[in-house]
Structures are given as structure tokens and as C-alpha cells.
Amino acid sequence: MFLIDQKGRLRGHYKIATQFNRLLEDAQKLVFFNDKKEHENHSELMASKSKVEVKGAWLRALPPTMNTTAAYMTLKNNSEEKDQLLSIHTPLANKVEVHDSVMKDGMMFMQRADNLSVPANGTLRLAPRGLHAMVMGIKQTPKVGESVPLILTFKNAGEVKVNAEVKKSAALDHSHH
């Protein structure tokens, strides 16, 4: 099924059985933006080929003397094509890198993990003791309960903005960084 706007432009292509809900969402956006006549750039209107959702994002609280922490989340790819996480940014810190926890010779080490794939119609978890986002060079220590903006950039889905809640996690020591 195809979604065509009032000017005859193709705005989406959907496999009815698997993408009916996305079709409805995009049709509602198309109607809303056409009614408002405020949205000139229709690129936001349609879900990209690789629509990625970020769920359960949270940032580990840290003592005021530290300037590095970790962020965790689940990335859900709602498309028929795999996507790739290219970067994560936040105004809270100088840089964010994705790391993986790996066991080598009986010791736990961190190694940088770049350009992670998010499988088609699948998920990628960033969780304690596995893949996680290292938030480095923190400019101001966030407090438990605050929200920290994160901007994730994907190869196909583009930018996805999310707020990560700062949570205390005494059971999970991250001191090996």
C-alpha cells in the first residue's frame, strides 16, 4: 500500500500485514501537518526506512567527584532493514562512547564498540555488564530523578532524541572504568 499526499507525492510504502500501525500513524501526521500548513519540510512526516525507538533510557547517578558515568537503554528497530547506531551525544558531557564489557584472562575489560547494528524488527540492549554508553567529561553532576537529554544518530533513522532518567544503582559497581 502507498501513502500519497495531496500534491501527489509518495510519502510511504507499507506491507499491510506487518506495517498497518505505522501506516495509520503516518497518515495521521500527514493530515495533521496538511491542516496546519505550518510544516514545510515533510521529511519528518514519514517514518524513515529504519524507524528506531529508544526505550527505558537511564543514566547511572555518580558522586560529585567523578566525571564519567554510564547510560543504558533498549533500541527497538521497527523496520524491515537493519540500522546502525553511529553516535550518541548529550549536552551534559564532552563525549559519549559505546563500550562493551568483555572477559579476557579472567578479568573484565572495556572495549570501544563502534557502529553497532540494530537488527531488522529487532532490539539491541545497552545494559550493565554488557554494551553500555560511557558518558565522559561530565560538565555538571546530574541528580537522581533528573532527566538528561541524549541524541542518538542512526545510519537510516537519523537523529532520535530521548531523555534518560538519572537513577541510583548501588548494586552495580562501575568502578572498573
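Keep in mind the model is a prediction, meaning the values are calculated, not measured.

Caption draft 1: Inspection of the overall build of the chain at higher detail. Regarding its fold elements, the chain presents one helix and twelve strands. Each helix (α) and strand (β) of the chain, taken in turn from the N terminus, gives the series β-β-α-β-β-β-β-β-β-β-β-β-β. Within the chain, buried positions represent 41% of all 177 residues. Pairs at least 24 residues apart make up 65% of the contacts formed inside the chain by residues separated by at least 6 positions. Accessible surface, the chain: about 10,600 Å² in total, of which carbon and sulfur atoms supply 51%.

Caption draft 2: Examining the confidence of the model for the chain more closely. Model confidence for the chain is summarised by a mean pLDDT of 79, while 67% of its residues fall at 70 or above. When the criterion is pLDDT under 50, residues 35-50 qualifies, and its contacts beyond four places in sequence or with other chains add up to 30 contacts. Long-range and interchain partners of residues 172-177, a stretch whose pLDDT sits below 50, account for 16 contacts in this model, where long-range means more than four residues apart.

Caption draft 3: Seen up close, the side chain of Asp 83. Among the structural elements, Asp 83 can be located in strand E5 (residues 83-89). Buried charge without a partner: Asp 83 forms no salt bridge, and the closest opposite charge is Lys 155, 7.6 Å away. Polar side-chain contacts of Asp 83 include one of 2.8 Å to the backbone nitrogen of Asn 156. A polar side-chain atom of Asp 83 sits 2.9 Å from the main-chain amide nitrogen of Ala 157.

Caption draft 4: Spotlight on the pattern of salt bridges. Under the definition given, this model contains three salt bridges. Of the charged contacts in the structure, one is a salt bridge between Asp 114 and Arg 112, with a shortest N-O distance of 2.8 Å.

Caption draft 5: Layout of the packing of aromatic side chains. Under the defined criterion, the tally for this structure stands at one aromatic pair. Ring plane angle 40° and centroid distance 4.7 Å describe the contact between Trp 58 and Tyr 72, whose orientation is recorded as tilted. Here Tyr 72 lies in strand E4 (residues 68-77) and Trp 58 lies in strand E3 (residues 52-60), a separation of 14 residues in the sequence. Each member of the pair, Trp 58 as well as Tyr 72, carries the same accessibility label: buried.

Caption draft 6: Highlighting the nonpolar core. Of all hydrophobic cores here, the largest spans 32 residues; its most connected members are Met 73, Leu 75, Leu 152 and Phe 154. When sequence neighbours within four positions are dropped, the list of residues in contact with Phe 154 reads Val 52, Leu 75, Asp 83, Gln 84, Leu 85, Leu 86, Val 118 and Val 160. By size, the runner-up hydrophobic cluster in this structure holds five residues, among which are Trp 58, Ala 70, Tyr 72 and Met 136.

Caption draft 7: Local environment of the pairing of strand E9 (residues 123-126). The alternating pattern of E9 places Leu 124 and Leu 126 on a buried face, while none of Thr 123 and Arg 125, on the opposite face, is buried. For E4 and E9, the ladder comprises four bridges, and the chain directions are antiparallel. By the bridge assignment for E9, Lys 76 is matched with Thr 123.

Caption draft 8: Just unusual backbone geometry, in detail. Even without being a glycine, Asp 105 presents a positive backbone phi close to 55°. Even without glycine at this site, Arg 129 takes up a positive phi of about 70°. When you line up the elements, Arg 129 lands in the loop between E9 and strand E10 (132-138). Overall, the relative accessible area of 53% leaves Arg 129 in the exposed class.

The rules behind these values
Residues numbered from 1 in each chain as written. Predicted model: local features only at pLDDT ≥ 70, side-chain atom pairs only at ≥ 80, totals over all residues. Heavy atoms only, no water. Helix = DSSP H or I, 4+ residues; strand = E, 2+ residues; numbered from the N terminus. Buried < 20%, exposed > 50% of the residue type's maximum accessible area, 1.4 Å probe, protein only. Contact = heavy atoms within 4.5 Å. Areas by Shrake-Rupley, 256 points an atom, 1.4 Å probe, with all protein chains shown as cover. pLDDT = per-residue confidence, 0-100. Lys, Arg positive; Asp, Glu negative; His and termini not counted. Salt bridge = Lys/Arg side-chain N within 4 Å of Asp/Glu carboxyl O. Polar contact = N/O pair within 3.5 Å; in protein donor to acceptor, adjacent residues only side chain to side chain. Phe/Tyr/Trp six-rings, centres within 6.5 Å; stacked < 30°, edge-to-face > 60°. Core = buried A, V, L, I, M, F, W, Y, C linked by side-chain atoms within 4.5 Å. Pairing = 2+ DSSP bridges.

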